[in-house]
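In case you want the letters, here they are:
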Amino acid sequence: MSRWRGRRGRVTPKRPSAGQEAEPLSIVFALPSVPDDAPAALKSSMALRNVATMNGMCECGARLELVVAGGMARMRMAHEHECPAGDRNVFALYGAWRSAR
Ligand SMILES: [Zn+2]
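As for the overall build of the protein
Now for step 1: Within the protein one finds two helices and four strands.
Now for step 2: Counting helices and strands in the order they occur from the N terminus, the protein gives β-β-α-β-β-α.
Now for step 3: Here the analysis covers contacts within the protein between residues at least 6 apart in sequence; of these, 40% occur between residues at least 24 apart.

Structure follows, in structure tokens:
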């Protein structure tokens, strides 16, 4: 089974160029699948993160933003410091789980 699953979505860039109307872009999301043997806290954090990404908004209030620069686009979501779906918490839980295996 693949570790990644995709989802198509539509995102409108936050800041269109001056004098231009924003055009919706087609986006493909690649989300990690939650490992069956992961600890409950990691499963919960990853699931929350995936749902936040698919919905474009997290329970902590963070919103998915499209950043376009130099012809490249990337997504970012600035979670609250203590949000379990945030980079800091998910990566810490994942790192601890991987190093204990
Ligand atoms: Zn969050």
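Side note on helix α2 (residues 87-100)
Now for step 1: Helix length check: α2, at 14 residues, gives a terminal C-alpha distance of 20 Å against a target of 20 Å (1.5 Å per residue), a fit within 8%.
Now for step 2: Buried residues of α2: N89, V90 and W97, and no others. The buried residues of α2 occupy an angular sector of 95° when the element is viewed end-on, so they sit on one face. Summarising the geometry of α2, the exposed residues directed more than 90 degrees from the buried face are F91 and S99.
Now for step 3: At its buried positions, α2 is contacted by α1 (40-55).

Regarding the nonpolar core
Now for step 1: In this structure, I27, F29, L31, L48, A52, C58, A62, L64, L66, M77, C83 and A85 together form the largest nonpolar core, which totals twelve residues.
Now for step 2: Where this core is concerned, the elements lending two or more residues are β2 (25-32), α1 and β3 (64-69).
Now for step 3: Looking at which element gives the most residues to this core, the answer is β2, with three residues.
Now for step 4: The next biggest cluster of nonpolar side chains, apart from the first, holds five residues, and it includes A38, L42, M46 and W97.

Quick word on the coordination of the zinc ion
For a metal with four donors in a tetrahedral arrangement, the ideal angle between donors is 109.5 degrees, while six donors in an octahedron ideally sit at 90 or 180 degrees.
Now for step 1: The protein atoms that coordinate the zinc ion are C58 (SG), C60 (SG), H79 (ND1) and C83 (SG), at distances of 2.1 to 2.4 Å.
Now for step 2: Each of the four donor atoms around the zinc ion contributes to a set of angles spanning 104 to 115°, which defines the coordination as tetrahedral.
Now for step 3: Linear spacing of the donor residues for the zinc ion on their chain is C-x1-C-x18-H-x3-C.
Now for step 4: Here C83 falls in the buried class, since its relative accessible area comes to 5%.

Concerning the side chain of N89
Now for step 1: Topologically, N89 is positioned in helix α2.
Now for step 2: Only 2.6 Å separates the side chain of N89 from the backbone oxygen of C83, close enough to count as a polar contact.
Now for step 3: Those residues within four positions of N89 in sequence are excluded, and the remaining contacts are H81, E82, C83 and P84.

Some thoughts on the environment of A92
Now for step 1: Mapped onto the elements of the fold, A92 is located in helix α2.
Now for step 2: Residue A92 is classed as partly exposed on the basis of its relative accessible area of 47%.
Now for step 3: Taking the C-alpha atoms as reference points, A92 and L42, 50 residues apart in sequence, are found 9.2 Å from one another.

About the thresholds
- Residues numbered from 1 in each chain as written.
- Predicted model: local features only at pLDDT ≥ 70, side-chain atom pairs only at ≥ 80, totals over all residues.
- Heavy atoms only, no water.
- Helix = DSSP H or I, 4+ residues; strand = E, 2+ residues; numbered from the N terminus.
- Contact = heavy atoms within 4.5 Å.
- Expected span 1.5 Å × (residues − 1).
- Buried < 20%, exposed > 50% of the residue type's maximum accessible area, 1.4 Å probe, protein only.
- Arc of directions from axis to C-beta.
- Core = buried A, V, L, I, M, F, W, Y, C linked by side-chain atoms within 4.5 Å.
- Donors = N, O, S within 2.8 Å, 3.2 Å for Na, K, Ca; no water.
- Tetrahedral: all angles 85-135°; square planar, octahedral: opposite > 155°, others 65-115°.
- Polar contact = N/O pair within 3.5 Å; in protein donor to acceptor, adjacent residues only side chain to side chain.

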